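An overview of the molecular structure
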Amino acid sequence: MTRKRQLGGKSKSNRWKAAALAACMAAALAANGYAASQAQMPAPADANVIALATGAQRSLAPGRKIARVALGDASVADVNVLRGGGVLLVGKSAGTTSLMLWERGRDAPQSYTVEVASGASVALADGDAPQVRVLGKTAVLSGTAPTMDKHQRAVAAARASVGKDGALVDTSTIATKSVVQVDVKVVEFSKTVLKEAGFNLFSQNHAGFAFGTFAPSSLSSVTGGATNPLSVTATSPIGSAFNLLLNSTSRGLFANLSLLEGNNLARVLAQPTLVALSGQSASFLAGGEIPVPVPQSLGTTTIVYKPYGIGLSLTPTVLGPERIALKIAPEASQLDFAHAITIDGVSVPALTTRRAETAVELGDGESFVIGGLVDRETASNVNKVPLLGDLPIIGAFFKTLQYSQSDRELVIIVTPHLVAPIAKNAALPATPGQQSEQRDGPVWRSFVGGALSSDAAPGFSR
């Protein structure tokens, strides 16, 4: 709706009252800091574009005798004619409208575009933030932001301008590198402690009396009777242990002590380099996939592959020229045959998994470490002869001990970098294979020279 005001038909009294009211409003505005509010608004590039904040006022065409004004949207701004000439423009709500002024003695009007921003938009905006324009119930965000923080600030200002019911169209860009290279180093430490002890004892005197104690599963066979001597066939208590043997034929004594203690330390390392766009995800897996049969209808079976090993997924977000937000989710899994299940006659192992997810903010080239993913398994088993195995000192000859402990710790080191692609027609670096490969090299030299040749193999240098 177009709002027009015709000044020629007003009485002098009404015109005087309107001018006095406008003068009072201007004075009140100056007393409440109108000049500061107006200075907060960025200066428009076009002289015919007037930027205002809601509640702010601005005098226009001072000293000119205005005969008529036309305002496109009265809900966005209001206009009052001043007694001394010119008009007073008042911002009412966020939006964009047009203003036309007819000066006395001129037929052609002067046209202006009035852009009114909300108070929150004015407070959040600065010279580097994208421009926010409100068109009806839609906020349009345009321009370039130097950092993600200023872009988010402009988005918040745009949403505050249109409220919950309005729409936001974001056409702005961020003036930062959008490609992130993430160097990942995954280290897994595995430590295993094993302790086992077992004891076999057999004694037989010349009078025919025999006595023996054997560890579980070490006794193979026993023969004898009331008139026949006792004959025993036995193996070592622990087959893989160190065995201490004692045999005395004169005394009819045989003893076998098995002791085993082991410590194992392993280190598994994966060092991939991932490249992803800002806001996009990248992942890798160092391991494999296990086939799992899945029964279907009508007696058919399909194969589903389940991944396992050391995996990592990450999502980088570029916040500024030197700041990167990184969301990372590491995972380490391994096959567990102790908890396997059988499907259609096929033994399928379970998966033991350690998983974490975190988000950090880093500078270009800074690193952070994820640790504490520890998996500990402890097993202790004691087999003993009732009552005799509980005796102090002597009870050690009547029981078997098996103790094992396994510790696994996963440590992940992540270092992001902002990178750019290699320039067009630039010389590419040589790959490791190209550096060692010889094109049409001296094949017979390595064949005849053997270890004296400088070539590791025909066609490849050391």
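As a reminder, the structure under discussion sits directly above these lines.
Quantities reported herein were computed from a predicted structural model and do not represent experimental measurements.

Now for the overall build of the protein chain. Helices and strands together make up the secondary structure of the protein chain, namely six helices and 29 strands. A separation of at least 24 residues holds for 60% of the contacts in the protein chain among residues at least 6 apart in sequence.

What follows covers the pairing of strand β22 (residues 301–318). Here is the key point about a regular strand: its side chains alternate between the two faces of the sheet. As paired strands, strand β21 (residues 282–295) and β22 are joined by 14 bridges and run antiparallel to one another. Note that in β22 the partner of Gly-287 across the bridge is Gly-309. What sits between β21 and β22 in their antiparallel hairpin is a turn of five residues, with Leu-298 showing a positive phi close to 60°. Two strands pair when backbone bridges link them, and β22 and strand β23 (residues 323–343) are joined in this way by 10 bridges, in the antiparallel orientation. Paired with Pro-316 across the bridge in β23 is Leu-326. Here β22 folds back onto β23, and the loop between the two strands holds four residues.

Moving on, we come to the pattern of salt bridges. Under the definition given, this model contains seven salt bridges. Across the pair Asp-390 and Lys-384 runs a salt bridge, and its minimum N-O distance is 2.5 Å. Since its relative accessible area comes to 45%, Lys-384 is described here as partly exposed.

One finds Val-184, Val-186, Leu-314, Ile-328, Ile-412 and Val-414 to be the most contacted residues of the largest nonpolar core, which totals 25 residues. Counting only elements with at least two residues in this core, the list comes to β14 (179–204), β20 (273–277), β21, β22, β23, β26 (368–384) and β27 (399–419). For Ile-412, the contacting residues outside a window of four places in its chain are Val-184, Lys-185, Val-186, Ile-328, Pro-330, Phe-368, Val-369 and Ile-370. Within the second largest apolar cluster, 18 residues are counted, among which are Val-76, Leu-89, Leu-99 and Leu-101.

Conventions used here
Within every chain, residues take consecutive numbers counted from 1 along the sequence as written. Owing to the predicted nature of the model, reporting of local features is limited to residues with pLDDT of at least 70; listing and counting of side-chain atom pairs is limited to 80 or more, with chain, interface and lining totals taken over all residues. By convention in this description, side-chain values take in all heavy atoms of the structure and omit both hydrogens and water. Secondary structure elements are taken from DSSP: a helix is a run of H or I of four residues or more, a strand is a run of E of two residues or more, and numbering for both begins at the N terminus. Note on contacts: a residue pair qualifies if any of its non-hydrogen atoms lie within 4.5 Å across the two residues. A pair of strands is labelled paired if DSSP reports no fewer than 2 bridges between them. The term salt bridge refers to a pairing of a side-chain nitrogen on Lys or Arg with a carboxyl oxygen on Asp or Glu at a separation within 4 Å. Partly exposed describes any residue whose relative accessible area lies between the buried limit of under 20% and the exposed limit of over 50%, with all areas from a 1.4 Å probe on protein chains only and scaled to the type maximum. For the purposes of this section, nonpolar cores are sets of buried Ala, Val, Leu, Ile, Met, Phe, Trp, Tyr and Cys residues that join through side-chain atoms within 4.5 Å.

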